[in-house]
Structures are given as structure tokens and as C-alpha cells.
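Understanding the architecture of this molecule
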Amino acid sequence: MPTPTDKAILDSLVRNKIGFITSVPCKQLAGVIELVDNHEEIYHIPSNKEDEGMGLCTGAYLGGTRSAIIMQNTALGVAINSLVTLIQYYHIPLPMLISYRGEVGEKVACQVEMAIHTKPLLQQLNIPYFHFTKAEQVNGLDGILQHSQMCKKPIAILADASFWSSAS
Amino acid sequence: MIRYDILKTIAPILKERLVVCNIGSPSQELYQLLDQPSNFYMFGTMGLCSSIGLGVALVQDQPVIAIDGDGSVLTNLATLSTIANNPADNFILLIVDNGSYGSTGDQPTYAGMATSLTEVARACGCRNVVECSAEETAAELEKALSSGKMTIIISKCQPGNVNVSVIDDDPVNIASRFSNSIKELNS
């Protein structure tokens with residue numbers, strides 16, 4: 001069941017005219033994905049892999065519709081080439097709502113392995129990121145989405161287990 | 001016929017249409033034959049031509065022709081399931097299937113061996129899948145455009161490239177002139 005925080009994320013995406021969203025699922029993102037899938041102003045297209053999703057988002061943006069991707073942090077390992085030679089090279093704004101698996105509260109040990117690399121990878125790639133640990137930080141999402149459009153860059157919102165568990 | 005011959009025969013059809021073109025030799029050859037603002041050339045991310053093309057097709061009404069290759073489709077094979085499940089009737093995926101990785105020295109791909117991309121596309125749920133010879137490609141492309149139905153064309157041709165130079169243009173310019181063409185064509 002989507003929480004009020006999931007709804008606040010959806011409302012922010014809609015307010016910021018994000019009309020095309022691709023997703024690769026994560027348990028923590030299930031509520032947001034359900035809302036996005038049911039919203040009539042958003043074309044939701046599940047992708048099989050995150051690099052495929054970045055291709056779809058690029059096409060939609062060039063076609064005149066703001067796009068975003070919803071994915072896990074493990075996706076960074078899949079999508080680095082697409083982030084660098086497509087999204088960054090062609091100046092495509094791409095907000096990435098990322099479930100930051102492997103932080104405190106994680107139950108699956110393997111997720112910690114990629115969590116360790118998440119921020120260093122984003123830093124190395126010069127991708128701005130915002131770490132959400134508390135539900136009220138969702139209030140900053142409007143600004144982050146506007147920032148991505150303004151500077152035409154990929155931007156990562158890392159929402160960790162504390163964020164999702166504080167969501168009500 | 002090799003890829004360049006196919007591009008030459010379809011160039012008049014591509015004129016003033018939205019085209020997303022695969023990385024490497026295909027883009028370089030198209031650039032030499034028919035450079036136009038409504039062409040989007042890929043400089044990186046092998047495999048994503050069909051995904052970019054589908055993304056463009058889903059958000060606006062003009063026909064979009066993605067010119068992909070067998071090696072690139074194999075790289076992102078699941079794209080055929082995404083395409084099948086998100087049909088856009090203004091989308092045509094033209095797979096130039098020369099059974100080889102052309103841009104890297106014509107190493108053979110599995111599409112030239114036991115794997116049939118035509119059968120894979122059908123198994124993924126794509127409805128209008130046409131396999132044709134290089135010679136038939138222009139006619140099939142015309143047919144697909146007039147059908148108003150999403151179509152996947154697999155054009156079987158010989159491996160080989162022609163000697164053309166790399167694209168000397170800025171990616172941001174390529175993206176912005178493509179985007180502006182979409183706006184103009186839809187206005």
C-alpha cells in the first residue's frame with residue numbers, strides 16, 4: 001500500500017511535469033511505482049535493465065517530455081556507460097529516484113557491498129546526489145527536480161531504509 | 001548489398017523524417033549520405049538505439065525510424081519485449097542484420113548463426129515483424145510507414161562497411177537540432 005510519503009513523491013513528480021517514467025523495481029519503491037503506474041498524466045514504462053531505461057528516458061526527453069528513472073542503487077553498476085556517454089554527453093536532465101539499499105536497517109548482506117560504492121561512484125561520475133534519511137526530506141524534491149532540468153544533468157536521490165521506514 | 005547500399009536506397013524515404021541511428025559505422029555512413037537535423041546519431045551506448053527511438057515515438061505523433069543492427073539488438077535483446085508491450089504505431093525498428101559487428105571489424109554475431117532475430121521479435125510479442133532481403137528493404141519501409149502500425153523490419157544483408165570519416169559534430173548540437181525538428185514537425 002502506498003504511504004503518504006509515496007504520494008508526496010508522486011505529487012512532486014507531477015507538479016514538475018515529469019510525464020515519462022521508467023522503472024526497475026525494488027521492494028522499497030513498490031508504493032511509488034504503483035502510484036506512478038496508475039497516474040494518467042504519466043507514461044510508466046517498466047524497463048528490463050536500467051541502461052535500457054536511460055535510452056527510453058533520453059528519447060522521451062528529446063521528444064519533448066520530461067523523464068525520470070526509478071531504480072535501486074545496484075543499477076549504477078549496470079548504467080555507468082549510459083550515464084556517461086548518453087545522459088551526460090548529450091546533456092539530458094535525468095532525475096534518478098534511487099532506493100539506497102545496503103544502508104543501516106538493511107536485511108540483505110549482499111546489498112551492503114554495492115552501498116559502499118554508491119556515493120564514491122556518484123562522486124567519480126560528477127553526479128550530484130541528495131541522501132534522504134527522513135520522510136520530511138521529501139519536501140526538498142521539487143527543488144531537486146527543478147535543479148536537474150535547469151542544469152540538464154542526471155541527479156541522484158538516494159532514499160535509504162531509514163527514509164522509507166520513517167515514511168507514514 | 002551491404003549496409004551502405006541499404007542506407008543509400010532508403011535515404012530518400014528518410015528525408016525529413018525522425019531517424020535514430022545506431023552507433024559507429026551506421027551513423028557515420030548515414031551522416032555522409034543524408035545529414036539532416038532530424039537525424040539523431042549515437043556516439044556511445046551500444047544497444048540503446050531501439051530504446052531511444054521507442055522513447056521518442058511514445059511521447060509524440062510523428063513517425064520515428066530507428067536504424068539498428070543485429071549486434072546492437074543482441075546487446076539489448078530485452079528491448080524487443082519492451083517494444084512489444086508498449087506498442088507505438090508511429091515506431092519502425094529497422095534492424096540491418098548483416099550477421100556481424102560491423103564497426104569493430106566484422107566479427108560474426110550469433111544473429112548470423114543459430115539465432116533468428118525475426119523469431120526472437122515474434123516470441124517477444126511483436127506483431128508486425130517482417131524479414132526481407134537488402135533489396136526489398138526500401139519497399140518494406142514504405143509499406144510500414146503507410147500501414148500506420150508499429151513494425152519491426154529485419155533486413156538481411158552482407159557484412160561490410162565503406163570508408164567514411166567520423167562525425168565531426170557536437171553531441172549537444174545533435175540533440176538540440178533533433179529536439180527542435182520534433183517540435184517543428186509536430187507544430
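Here, the structure is the one placed above.
First, a word on scope: everything that follows refers to the structure included in this document. Per chain, residues are indexed from 1 in the order of the written sequence. In the order they appear in the text, chains get letters beginning with A and ligands get numbers beginning with 1. The predicted nature of this model means local features are confined to residues of pLDDT at least 70 and side-chain atom pairs, given and counted, to a pLDDT of 80 or more, with totals for whole chains, interfaces and linings taken over all residues. Neither water nor hydrogens contribute to the side-chain values; these are computed over all heavy atoms in the structure.

In this section: unusual backbone geometry. Residues apart from glycine generally show negative phi values, whereas peptide bonds are mostly found in trans. All names here are of chain A. If you check the backbone angles, His91 has positive phi at about 60° while not being a glycine. Counting from the N terminus, the helices are DSSP H or I runs at least four residues long and the strands are E runs at least two residues long. Within the element layout of this structure, His91 appears in the loop between helix H4 (75-88) and strand E4 (94-100). Accessibility expressed as a relative area gives 38% for His91, which makes it partly exposed. A positive phi is found at Lys152, a non-glycine position, where the angle reads about 55°. When a residue's accessible area, from a 1.4 Å probe over protein chains only, is under 20% of the maximum for its type it is buried; when over 50% it is exposed; and in between it is partly exposed.

Next up on the list: the side chain of Asp6 of chain A. By the secondary structure assignment, Asp6 of chain A is in helix H1 (residues 4-15). Neither His nor the chain termini are counted; the positive set is Lys and Arg, and the negative set is Asp and Glu. A carboxyl oxygen of Asp or Glu within 4 Å of a side-chain nitrogen of Lys or Arg is what we treat as a salt bridge. Despite its burial, Asp6 of chain A pairs with no opposite charge, the nearest such side chain being Lys7 of chain A at 11 Å.

On to the interface of chain B and chain A. Residue contacts follow a heavy-atom distance rule, with two residues in contact if any of their heavy atoms lie within 4.5 Å. Of the residues lining the interface, 28 residues belong to chain B; the matching set on chain A comes to 23 residues. At the boundary of chain B with chain A, total buried surface from both sides reaches about 2,000 Å², with 68% on carbon and sulfur atoms. Run the count over chain B and chain A and you get zero salt bridges. N or O atoms closer than or at 3.5 Å make up a polar contact, with two conditions inside protein: a donor-capable atom paired with an acceptor-capable one, and, for residues adjacent in sequence, both atoms drawn from side chains. The tally of links from chain B across to chain A stands at nine residue pairs in polar contact (both at pLDDT 80 or more). Of all elements in the fold, only strand E2 (39-41), helix H3 (49-59), helix H5 (79-85) and helix H8 (171-186) of chain B reach the threshold of two or more residues within the side of chain B that touches chain A. Summed over both partners, the accessible area lost on bringing two parts together, with a 1.4 Å probe, is the buried area.

With that settled, the discussion passes to the layout of surface pockets. All names here are of chain A. Computed over the protein atoms alone on a 1 Å grid, cavities are sets of points where a 1.4 Å probe fits but cannot get out and pockets are open sets with protein on both sides within 12 Å along at least five of seven lines; a residue lines them when it has an atom within 4 Å of a point. Grid points are joined across faces, edges and corners, and a volume is the space filled by probe spheres set on the points. One number sums up the size of the largest pocket: a volume of about 360 Å³. Considering the residues around the largest pocket, the lining is formed by 16 residues, among which Lys27, Gln28, Arg101, Ala161 and Trp164 are closest to the centre. Listing elements by their share of the lining of the largest pocket, those giving two or more residues are helix H2 (30-38) and helix H7 (161-166). When residues in the lining of the largest pocket are grouped by element, the largest group, four residues, is from H7. Residue classes in the lining of the largest pocket are distributed as five nonpolar, six polar and five charged. Three classes are used: nonpolar for Ala, Val, Leu, Ile, Met, Phe, Trp, Tyr, Cys and Pro, charged for Asp, Glu, Lys and Arg, and polar for all others, with Gly counted as polar.

Structural measurements only, silent on function.
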